[in-house]
Amino acid sequence: MSSSNRDNQRVNTYISGHKNPDTDSIAAAAAVAELKRLQGENNVTAIAPGLPMERTEFIFNKFGVPLPPLKTDVYPRIQHVMNEKPDYIRQGQSLIKAIGLLQQKREHRLPVVDRNMKYMGMLSLFQFLEDLLLISGSDSGSSLTGRKVTSSIGLIKKVLNGNCLSIHNRDKVQDFEVFVAAMNIESFKEHIPRDNPESLAIVVGDRAEVHLMAINIGVRLMIVTGSRRIDDVVVSAARDKGVSIIKTPYDSATVIRRLKFSSPVESMNLQNPDTFIASDRICDIRRKVLSDREDVFPVVNDDGVLTGTFSKSDIDNRTPVKLILVDHNEFDQGVNGIDEVPVVEIIDHHRFGMPSTPMPIKITCDVVGSTCTLVTEMFLNSKISLSKEIAGILMGGVITDTLMLKSPTSTIRDKHALDELARITGIDPEQFTEEIFQVGSLINKLEPEAVLTADKKNFTVGNFTISIAQVEEVSFVEFKKKQDALLEAAEKLRKAEELDFFGLLVTNVVRENSVLLVTGSKEIIGALPYRKLAGNLYDLPGILSRKKQLLPQILKVLENF
């Protein structure tokens, strides 16, 4: 693939929240994507790394904002680097035209396709030269020293810039045995085989006796060099006997050289390397591609149709995907493939647990209750007007993540952001809060396994791996109905993920308190500073925030082990 093709390919920047997205993360991602577009950045896309919750869908639908597309991984794939409009050689083209294209494009290998664009193989300049220069003890072969040429009358005419005076079976591809009339007529008659005249091609100048001899023998093709005159009687006789005549301006030596390049490309020894599909992950094919001696590789679809090409440098040097993280910064909470792409920016309000980066990145991380608050401030600071639609989803993010400013994580900045968003949308925050939390109980609508993973975050603390999920409800009625099923599902999840501790924080947004359903290490559970209600259930009065209230207390417990 030429460098100009590579330069024209775009870099995709994805904006993603954590793997189990809540409203704050999805709304923040969508709003940041809009901000980047308004600032003139191209190919920036917000994604949802997991299925959005019902309340999130309600908020986006209310303001007519499309939900970010579901994209569960950001692994760079061949589709991100391939040339979608590749150069190729069509079946039936002559070698001289194909070699000319290779020279023009400064490539040494190009794909060959049939008339339906189905991939047939790769024409390699090196392989072509190897085949052409193959010298054997006989002069009858198709090498440069042999007299055999595989071609058609039509292709030979084009390669010789000729004029057909008589033509039969123009497009039939066959093997020609080429002879040059350089001897006297008697010696030439003895030199030409008579057993298969349909394979003979005679190269001759203005020798009328040779013209008549060729017609009488019934050769397949007579090539007259130097644009010499041919008697009308000869032409008429050739038409009657099915002998094709091509008159060319080239001399005999040039004709012989050019004839070797009149063969259709498919008659050559086409290479058949591994083909790839656009969805192949680069990390899966990199080693195979980089160890291959060739440089250009074909990309086909399920029907074998050529859809693109890519080169070694495309997968070795370029960064086709970049990532902006919102509402998280720890890789174990991120979308699949996060470790394969560069993170270029973080917008978050959680503790910092990201690994080191090879290059400096932009970080907006502050102590507020909602990532949507930070995004609102980014709009205001950049002097870019917030549309009512984007302001609406940001408002939903602030409300859900701060529990309408009742969470202890809430700050005065969250209030200021909410006031500004309310002004833009013209919607009362209290009324909007009631609408959001009346959308429905996740515990009632989802299977227990889905409830536990709807908003779950994993944390590694020393030698311990713990996970805490949270769900907001308007009462504990539905939770009590499914408590046993949720505990059973929690134990299965803990074992499957090899967790030391798992907790489900069920928050009652009306009564402003929570309960915690736990499973895991008896030592950790026994050290929890909460009142046990029954079995594995604990009472957490006044606790609304997983991040600011629950997590610090559990981390303090783990410090004693």
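Residues numbered from 1 in each chain as written. Predicted model: local features only at pLDDT ≥ 70, side-chain atom pairs only at ≥ 80, totals over all residues. Heavy atoms only, no water.

**Regarding the overall build of the protein**
A tally of helices and strands in the protein yields 22 helices and 22 strands. The C-alpha atoms of the protein give 37 Å as radius of gyration, which overshoots the globular expectation for 561 residues (24 Å, by more than 25%). With respect to the three principal axes, the spread of C-alpha positions in the protein is 120 × 50 × 40 Å. Relative to its 561 residues, the protein shows a buried fraction of 53%. The contacts in the protein between residues at least 6 apart in sequence include a share of 64% that link residues at least 24 apart. Summing over all exposed atoms, the protein offers an accessible surface of approximately 25,500 Å²; the carbon and sulfur share of this is 48%. (Helix = DSSP H or I, 4+ residues; strand = E, 2+ residues; numbered from the N terminus. Rg over C-alpha atoms; globule rule 2.2 N^0.38 Å. Buried < 20%, exposed > 50% of the residue type's maximum accessible area, 1.4 Å probe, protein only. Contact = heavy atoms within 4.5 Å. Areas by Shrake-Rupley, 256 points an atom, 1.4 Å probe, with all protein chains shown as cover.)

**Describing the side chain of Asn-20**
Within the element layout of this structure, Asn-20 appears in the loop between strand 1 (12-16) and helix 2 (23-38). One polar contact links the side chain of Asn-20 to the main-chain carbonyl oxygen of Lys-456, over a distance of 3.0 Å. Every residue in contact with Asn-20, bar those within four places of it in the chain, is listed here: Thr-453, Ala-454, Asp-455 and Lys-456. (Polar contact = N/O pair within 3.5 Å; in protein donor to acceptor, adjacent residues only side chain to side chain.)

**What to know about the pattern of salt bridges**
A complete count under the given rule lists 25 salt bridges for this structure. Between Glu-54 and Lys-445 there is a salt bridge whose closest N-O contact spans 3.9 Å. Here Lys-445 lies in helix 18 (residues 442-445) and Glu-54 lies in helix 3 (residues 54-62), a separation of 391 residues in the sequence. The class for Glu-54 is partly exposed, based on a relative accessible area of 30%. A salt bridge links Glu-512 to Lys-406; the nearest nitrogen and oxygen atoms lie 3.5 Å apart. Highlighted residues: Glu-512 in the loop between strand 19 (501-508) and strand 20 (513-520) and Lys-406 in the loop between helix 15 (388-402) and helix 16 (412-425), separated in sequence by 106 residues. On the basis of relative accessibility, which here comes to 34%, the residue Glu-512 falls in the partly exposed class. Put simply, Arg-109, Arg-293 and Glu-294 are held in one network by salt bridges that share partners. (Salt bridge = Lys/Arg side-chain N within 4 Å of Asp/Glu carboxyl O.)

**Structural notes on helix 20 (residues 477-496)**
End to end, helix 20 covers 29 Å across 20 residues, agreeing with the expected 28 Å (1.5 Å per residue, within 8%). Along helix 20, the sharpest kink reaches roughly 60 degrees, centred on Gln-483. Within the span of helix 20, buried status applies to Glu-478, Phe-479, Gln-483, Leu-486, Ala-489, Ala-490, Leu-493 and Arg-494. Phi turns positive, to about 55 degrees, at Glu-498, one or two residues after helix 20. (Expected span 1.5 Å × (residues − 1). Bend = angle between axes of the 7 residues up to and from the residue.)

**Focus on the layout of surface pockets**
Counted as a void, the largest pocket has a volume near 510 Å³. For the largest pocket, the lining is made up of 33 residues, of which His-350, Asp-401, Gln-470, Arg-546 and Lys-547 are closest to its centre. At the level of secondary structure, the elements contributing two or more residues to the lining of the largest pocket comprise helix 2, helix 15, strand 17 (456-461), strand 18 (464-473) and helix 22 (546-558). If you tally residues by element for the lining of the largest pocket, the top one is helix 22, at 5 residues. In the lining of the largest pocket, the residues fall into 9 nonpolar, 12 polar and 12 charged. (1 Å grid on protein atoms, 1.4 Å probe; cavity = no way out; pocket = protein on both sides within 12 Å on 5 of 7 lines; lining within 4 Å. Points joined across faces, edges and corners; volume = space filled by probe spheres on them. Nonpolar A, V, L, I, M, F, W, Y, C, P; charged D, E, K, R; others polar.)

**Let's talk about unusual backbone geometry**
Phi angles above zero are rare outside glycine, and Ser-227 is one such case at about 55 degrees. Mapping Ser-227 onto the fold places it in the loop between strand 10 (221-224) and helix 10 (232-241). We classify Ser-227 as partly exposed; its relative accessible area is 39%. For Leu-403, which is not glycine, the phi dihedral falls at a positive 50 degrees. Structurally, the position occupied by Leu-403 is in the loop between helix 15 and helix 16.

**Some words on the packing of aromatic side chains**
The tally for this structure, following the rule as stated, stands at 5 aromatic pairs. Note on Phe-276 and Phe-297: the rings are 6.1 Å apart at their centroids and 85 degrees apart in plane angle, and the pair reads as edge-to-face. Of the two residues, Phe-276 sits in the loop between helix 11 (252-259) and helix 12 (282-291) while Phe-297 sits in strand 12 (residues 296-300), which places them 21 residues apart along the sequence. Here Phe-276 falls in the buried class, since its relative accessible area comes to 4%. In this structure Phe-297 comes out as buried when scored by relative accessible area, which is 2%. Aromatic rings pair up to connect Phe-276, Phe-297 and Phe-310 into one cluster. The ring of Phe-179 has Arg-147 lying over it, and the distance from NZ or CZ to the ring centre is 4.1 Å. Across the ring face of Tyr-75, the terminal group of Arg-281 is positioned such that the distance to the ring centre comes to 4.0 Å. (Phe/Tyr/Trp six-rings, centres within 6.5 Å; stacked < 30°, edge-to-face > 60°. Lys NZ or Arg CZ within 6 Å of the ring centre and 35° of its normal.)

Coordinates in, geometry out; function isn't part of it.
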